[in-house]
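So the chains spell out like this:
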Amino acid sequence: MKSVVKKLSIAGEALHSFECEKSLLVSKEALDEAHQLKNHQLMAKAYNIIGLNFDEFSEPKTAITYYEKALSHALLTENDSIQEWIYNNLGATYTYRKIDLQKGIEYYKKALFFANKINDNDEVAYTQLNIAGAYINSKDYINGIKYLDKCKSYIENSDLIEAKISLYTNYGNYYNIANQNDEADLYYSKAVTISKENSSELIDSNIAEVYLDYSKFLTKINNDNKAKYFLDLHKTLKEKIYSQEKINTIKNIVNEIQLDEYERQIEQIENENQKHLLDLSQSRTIDILFGIVILVLLLLVISLFRNNRLRDKTNKILKATNEELLVAKEKAEMATQLKTQFVSTITHELRTPLYGVVGITNIIIDEHKELANSPHINSLKFSAGYLLSLVNDLLQINKIEEKRIVLENMIFNISDEINTITDSLKFIAKKNDNKLFIEIDEAIPETLIGDKLRLSQVFMNLVSNALKFTKYGKVTVTAKLDREEGTKKFITFYVKDTGVGIADSDKEKIFEKFVQIERKEGDYQGTGLGLSIVKKLVEIFGGEIELESVEGKGTTFYFTIPFESDDKKKIEIINNIVVDLSEEKFYHVLVVEDNKINQIVTRKTLENNKFKCTVVDDGYAAVEILDTDKFDIILMDINMPIINGFETTKLIRKKGHKLPIVALTAFDKQEVSEQALSCGMNDVIIKPFEQSKLFQIISNMIDNNN
């Protein structure tokens, strides 16, 4: 086995050096030994290398045959890396040889699945690059540029020379097709520069293709002398790599390999014949059994004939039922579509006034600094933020169930968050004559990293429930450091009350949606969603909520979840959210917004932070003012009368304006991002938003545009 592994390594190195004669001879020897060992993994690798040699010398159909043989053996193993290689090679043959571009993309995507599975970042980048090139060749430029942008940063910061050449060539091809000649020339030149600096037998084949693509582009822009120069370079490299002598030698070896394959097939046929002869020796017994089977079949035929009419009748009933099911399916799909439209509309309608509440609260704090530490103002701000989170989760409970909620990383203080929540719920405590206690373990670090808003939502539900179901008692919120694992701190939280308690029969039901447990005393109202959302959020955090309760004595909810406490990550997060407004940068912002309250909030937010702001009511007014005034950036509402934000952006781009445009909308980001980017917008911000996030995006957009 070691001998085969060594030979496969030698064959691979020879192929990379374009010593195809040596590669094929050694691969053939390795394949023979692998067959003797009946080792599928080694056979897959040998067939794969042979396929690569055929592919290199423009024998794509034969190459596909050997790749498929390799794949048939790879599927009998548990080696994900081999499958990733073979799928990539099949994708390359189908796309670069232009046999079937769509089939090639399907193979590439299978390769990408395995590259992600084995967590090989280099292979992920290479495969994304391959998919991008295939999409561009098939004239699907939107998907092409999407995959190029995905791998660009990683490749540019790596030592993958061949990948960089391919990346810049693909960008050149993309901008060439888009008739953006300056951008195309820039990227082709980058590819050529790297090619000349790193020319070697290992990548000369790719470099030859770079020179050819660049030559075609130069011919297109009428730079004939330079085009001829690169075409000559292309031909010289091709002749060097694919000499006739090499091709003739390889053909002889190919014949030997094909002959070996035929001999294996003949041997397999002979083995099967021997098996058939053995089977024939038992034919008498089989004949007797066959007679019995015939008799049974005759009886079955009589039975089937008698049941034929019944079957016809049943088929008619099934046909009618299928038609009814199709109608029901169409109705269900229509109901799903209406539900989606309703969720989208109601989300927008609720977020719009919330933007006013959050924005005006921030304006009050900015204009009246003496109120910055007011518990009432802080409670108002927290409650508005909590209400926004609750609205999002209530209206998109399906999003939580499908595990599409992504936790954010923010720096926060456990004590501050719990105190803010309890302060905002003191009115409930006072109403029921309850006392609130907070116990925070001093071993817990002062600052942690995690999704403080989701954590606040958990506590808001648990503490408000405890206060509602307790009278003349006390509610205690406790946080204890459970354990440390590296930079992670595992904290156990308890919410304990002395209230009415929960019966044993109801303990499982309380976490279900829309369930409210009947109580013997008092009138407790709510949606029945609170504890369901709490359970799902705790699970998203990586924990599990549990409870202990005795009727008439009280209830304790407790759970343990991990938080990061890495100082490096804290600094990184702070650098990402802090926007330096100390410099005298008087940016001029155009706000396109039809809602008067939102106009006031956005204007005040910008002007209080040293921005000059101009507001217009509709898209046509925005297009008109751009002809007379100069702006650094546009904040564009989407849902406007007369003309919406998407169409307005298209008009602005059509007139040649290149300043950044950011969608400022109450719609869900997932619903509008694709349409926003395709019409020419640069980013999307959802209202209400964090001021620091808005300023960071504005600053970055303007700096990148200058």
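Residues numbered from 1 in each chain as written. Predicted model: local features only at pLDDT ≥ 70, side-chain atom pairs only at ≥ 80, totals over all residues. Heavy atoms only, no water.

S.K.: An account of empty space enclosed by the protein is needed here, citing residue identities and associated values.
M.R.: Under the counting rule described, the total for this entry stands at two cavities of 30 Å³ or more. Each pocket or cavity is described by its volume, and for the second largest cavity that value is around 30 Å³. (1 Å grid on protein atoms, 1.4 Å probe; cavity = no way out; pocket = protein on both sides within 12 Å on 5 of 7 lines; lining within 4 Å. Points joined across faces, edges and corners; volume = space filled by probe spheres on them.)

S.K.: Describe the packing of helix H17 (residues 414-424) against helix H19 (residues 452-468), and please don't skip the residues or the numbers.
M.R.: For any two helices packed against each other, one specifies the crossing angle of their axes together with the interaxial distance. Between H17 and H19, the least distance of the axes is 10 Å, while the angle of their chain directions is 45°. Considered as vectors, H17 and H19 are oriented oblique to each other. For the crossing formed where H17 meets H19, the hand is right-handed. Within the contact between the two elements, H17 uses Ile414, Glu417, Ile418, Ile421 and Ser424 and H19 uses Lys452, Leu455, Ser456, Phe459 and Met460. Per-class residue counts for the contact of H17 with H19 are six nonpolar, two polar and two charged. (Axes fitted to C-alpha atoms, helices over the stretch in contact; angles between N-to-C directions. Helix = DSSP H or I, 4+ residues; strand = E, 2+ residues; numbered from the N terminus. Parallel < 35°, antiparallel > 145°, perpendicular 65-115°, else oblique. Left-handed = near helix turned anticlockwise from the far one by under 90°. Contact = heavy atoms within 4.5 Å. Nonpolar A, V, L, I, M, F, W, Y, C, P; charged D, E, K, R; others polar.)

S.K.: Which residues make up the environment of Gln102, and what values go with them?
M.R.: On the secondary structure map, Gln102 appears in helix H6 (residues 101-117). When the C-alpha atoms of Gln102 and Gly91 are compared, they prove to be 9.3 Å apart, with eleven residues separating the residues in sequence.

S.K.: Tell me about the packing of aromatic side chains, and name the residues and values.
M.R.: Evaluated as defined, the whole model comprises 27 aromatic pairs. Between Phe459 and Phe493 the ring centres are 5.1 Å apart and the planes differ by 80°, which places this aromatic pair in the edge-to-face class. Of this pair, Phe459 sits in helix H19 while Phe493 sits in strand E5 (residues 488-497), and the two are 34 residues apart along the sequence. Its relative accessible area of 2% is what places Phe459 among the buried residues. Put simply, the rings of Tyr188, Tyr211, Tyr214, Phe217, Tyr229 and Phe230 touch in pairs and so form one group of aromatic residues. If you follow Lys150 out to its NZ or CZ, it ends over the ring of Tyr147, 4.5 Å from the centre. (Phe/Tyr/Trp six-rings, centres within 6.5 Å; stacked < 30°, edge-to-face > 60°. Buried < 20%, exposed > 50% of the residue type's maximum accessible area, 1.4 Å probe, protein only. Lys NZ or Arg CZ within 6 Å of the ring centre and 35° of its normal.)

S.K.: How would you sum up unusual backbone geometry? Please name residues and give values.
M.R.: A positive phi is found at Asn119, a non-glycine position, where the angle reads about 60°. Residue classification places Asn119 among the exposed positions, given a relative accessible area of 60%. Phi at Tyr472 is positive, roughly 55°, even though this residue is not glycine. Mapping Tyr472 onto the fold places it in the loop between H19 and strand E4 (474-485). Judged by relative accessible area, which is 67%, Tyr472 ranks as exposed.

S.K.: An account of the packing of helix H3 (residues 40-56) against helix H4 (residues 60-74) is needed here, citing residue identities and associated values.
M.R.: Relative orientation of the contacting elements H3 and H4 amounts to 165°, with a least axis distance of 8 Å. Classified by the angle between their axes, H3 and H4 sit roughly antiparallel to one another. The two elements H3 and H4 meet at a crossing, and its hand is left-handed. Within the contact between the two elements, H3 uses His40, Met43, Ala44, Tyr47, Asn48, Ile50, Gly51, Leu52, Phe54 and Asp55 and H4 uses Thr62, Ala63, Tyr66, Tyr67, Lys69, Ala70, His73 and Ala74. Residues that form the contact of H3 with H4 fall into these classes: eleven nonpolar, five polar and two charged.

S.K.: Could you give me a rundown of helix H22 (residues 596-607), with the residues and numbers involved?
M.R.: For H22, spanning twelve residues, the distance from its first C-alpha to its last is 16 Å, which sits close to the expected 16 Å at 1.5 Å a residue. Buried within H22 we find Asn598, Gln599, Val601, Thr602, Thr605 and Leu606. A distance of 3.0 Å separates the backbone nitrogen of Ile597 from a side-chain oxygen at the start of H22, and that oxygen is part of Asn595. (Expected span 1.5 Å × (residues − 1). Polar contact = N/O pair within 3.5 Å; in protein donor to acceptor, adjacent residues only side chain to side chain.)

S.K.: Please set out the environment of Gln457 residue by residue, giving values where relevant.
M.R.: Tracing the sequence through the fold places Gln457 in helix H19. With relative accessibility at 0%, the residue Gln457 sits in the buried group. Counting along the chain gives 70 residues from Gln457 to Leu387, while the straight-line C-alpha distance between them is 9.2 Å.

S.K.: Can you break down helix H5 (residues 80-96) residue by residue, with the values?
M.R.: Compared with an ideal rise of 1.5 Å per residue, which puts 17 residues at 24 Å, H5 spans 24 Å between its outermost C-alpha atoms and is within 8% of the ideal. With 13 of 17 residues buried, H5 lies mostly within the body of the structure. You can read the cap of H5 off the contacts: a side-chain oxygen lies 3.0 Å from the backbone nitrogen of Ser81, and it is on Asn79. Following H5 by one or two positions, Lys98 adopts a phi angle in the positive range, close to 55°.

S.K.: Any chance you could break down the sheet that holds strand E12 (residues 683-686) for me, citing the residues and the numbers?
M.R.: One open sheet accounts for five strands, arranged E9-E8-E10-E11-E12; its pairing is parallel. Each edge of the sheet is formed by a strand with only one pairing partner; in this case those strands are strand E9 (612-616) and E12. Pairwise comparison of adjacent strand axes, ignoring direction, gives a mean angle of 25° for this sheet. Pairing of strand E8 (residues 588-592) with strand E10 (residues 633-636), which is carried by four bridges, proceeds in the parallel orientation. Across the sheet, Val592 pairs through a bridge with Met636, a residue of E10. Seen against the sheet, H22 touches E8, E9, E10 and strand E11 (661-665) and runs at an angle of roughly 165° to E9. (Pairing = 2+ DSSP bridges.)

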